[in-house]
Amino acid sequence: MQLHLYGGIARYEPENICRLFLPHEPITLCDAVPEGDGVRVSAGVQGDTAVCRVMLGDYDRERRAPIVTDDPLMALWGTPAELAVATLLYRQFCELFHTAQPWGLLTGVRPVKLLRRLTHEVGEEQALAYFRERLLCSDEKAVLAQRTLHAEDKILSLSSPQSCSVYLSVPFCPTRCSYCSFVSHTTEKSQHLIPAYVTLLCREIEETGRILRQLGLRLDSLYIGGGTPTTLSASQLEAVMATVNDHLDLSHCLEYTVEAGRPDTVTEEKLRAILAGGATRLSINPQTLHDHVLDTIGRRHTVKQFYDAFSLARKVGFDHINTDLIAGLPTDSLDGFKASVDGILALSPESVTVHTLSMKRASHLVVRDHSEYDAGGETPQMVRYASERLWENGYHPYYLYRQSRCVGNQENTGWSKDGHDGLYNVFMMDETHTVIGCGAGAVTKLKSPDSDYLERVFNFKFPYEYIDRFDEMLERKQQVVTFYESCSDTTDA
């Protein structure tokens, strides 16, 4: 599609609105009103009026609206002109394609965080009204955001200015799923890197522990993710977790999660090592309970292996198990997804995360398969069914985030039974406090104890880079100390 913007309107929000309705269309910016075929948009500001014209075939309509400048909540979303233009463009697309979007104008990753800020300004009732009336969010999603907000607020109250979390990355998987764009390497190609990687990861954990002690930071949550951490052997897992116990102070740690995401990597020996190492939460992720869907997306395990892994985790003694499902997977159907939800509920896990398939540009599903797969109207129905069934069965939403190019423009939501919320997920997604990342592809996100100011420190992405340039990467970790010293100097001043 062709997009022409004028009058000082930035491209960010108009492009996001376009992608809500045309997720696979490349967008070309034009210096003048576009001509030719396809979808053409011209939008901008004339004086104190927002203008939007949308053209496609015989459809050629222009809308105008005054720019509201006395809205006290406007600054939490953007500028008055940006909101006016985005609203016009959204309404034009709704008319052109005969559909509305469930989240309305909301295109950001963290809608609950925005709702919290609005609530602090005007109270919850008015904030919800603003979501529905000004940002055009559906009642269904506004209620979901409200329920998530209530759970999140309880979790956020556990954090203090001295709090932090730690993420340990194990970027290896048995195979690469077709929808995945994470920097993870298959063990078929990278098995030889794992011993050196584990040794260096332990060294980085040691250095992280030294930094936390130097700065007086309190570790509130710890997450070992990937990739698939259980691609490591039992002895390698023991080595990593022993290093954690030796060098990180877990006396205040509220939650310790290990992902065992691929059931085909789960053994009793590994589970016992994880439990003995101190983990309090385990994630085993089938994504679907249908073998033909697993085969389609390149997950080389069976549904039976998931059930076996889940049963084994219970036998070993895990009393908080999370499971993941993905709505909108290729070859899945509404009835099939409903069966997966019902099958998970029959196991009664302590928490369930319902993701929506995201058509990530770097995934095999898009790059290798050249897929423009879209589950049409079924994915929203899948997500709705999961939400209704989980709520009816005593689960509540405790965290929520959105991704671009999600099929059906839905969201990812963590659901849990009372007392089993995934704390790290909330701290990380809300950007509540500092999260220190260790391992290849990990990102340290530093948050000022006294403000919302953030800085990031990036580890090298690939395992071979992490190994070859480890000393250089370890020097970057000193930026954590520099950051907190700078914050202290600002506070003292």
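You'll find the structure just up there.
Basis of the calculations
- Residues numbered from 1 in each chain as written.
- Predicted model: local features only at pLDDT ≥ 70, side-chain atom pairs only at ≥ 80, totals over all residues.
- Heavy atoms only, no water.
- Pairing = 2+ DSSP bridges.
- Helix = DSSP H or I, 4+ residues; strand = E, 2+ residues; numbered from the N terminus.
- Axes fitted to C-alpha atoms, helices over the stretch in contact; angles between N-to-C directions.
- Contact = heavy atoms within 4.5 Å.
- Parallel < 35°, antiparallel > 145°, perpendicular 65-115°, else oblique.
- Left-handed = near helix turned anticlockwise from the far one by under 90°.
- Nonpolar A, V, L, I, M, F, W, Y, C, P; charged D, E, K, R; others polar.
- Salt bridge = Lys/Arg side-chain N within 4 Å of Asp/Glu carboxyl O.
- Buried < 20%, exposed > 50% of the residue type's maximum accessible area, 1.4 Å probe, protein only.

**Q** A description of the sheet that holds strand 1 (residues 2-6) should follow, citing residues and the corresponding values.
**A** Taken in spatial order, the five strands make up an open sheet running 2-1-3-4-5, and their pairing is mixed. Two strands close off the open sheet at either side, each with one partner strand: strand 2 (28-30) and strand 5 (59-66). Looking at each pair of strands side by side, their axes are set apart by 15° on average, direction ignored. Each of strand 3 (40-46), strand 4 (49-56) and strand 5 is contacted by helix 2 (residues 80-97), which is oriented at about 30° to strand 4, the strand it contacts most.

**Q** So what about the side chain of threonine 87? Which residues, and what values?
**A** Mapped onto the secondary structure, threonine 87 falls in helix 2. Excluding anything up to four places from it in sequence, threonine 87 contacts Leu105, Arg134 and Leu136.

**Q** Which residues make up the packing of helix 11 (residues 303-316) against helix 12 (residues 334-347), and what values go with them?
**A** Contact pair helix 11 / helix 12: the axes reach a minimum separation of 12 Å and the direction vectors enclose 20°. Taken together, the axis directions place helix 11 and helix 12 in an arrangement best described as roughly parallel. Once helix 11 is placed against helix 12, the crossing between them reads as right-handed. Between helix 11 and helix 12, the residues in contact are Phe306, Tyr307, Phe310 and Arg314 and Gly343, Ile344 and Leu347, respectively. Of the residues that constitute the contact of helix 11 with helix 12, the class distribution is five nonpolar, one polar and one charged.

**Q** So, the pattern of salt bridges: which residues are in play, and what are the values?
**A** Under the defined criterion, the tally for this structure stands at 31 salt bridges. Across the pair glutamate 350 and arginine 314 runs a salt bridge whose closest N-O atoms are separated by 3.0 Å. Highlighted residues: glutamate 350 in the loop between helix 12 and strand 13 (351-356) and arginine 314 in helix 11, separated in sequence by 36 residues. Judged by relative accessible area, glutamate 350 falls into the buried class, the value being 9%. Salt bridges here are not isolated pairs; linked through shared partners, they connect Arg110, Lys113, Glu431, Lys445 and Arg456.

Structural measurements only, silent on function.
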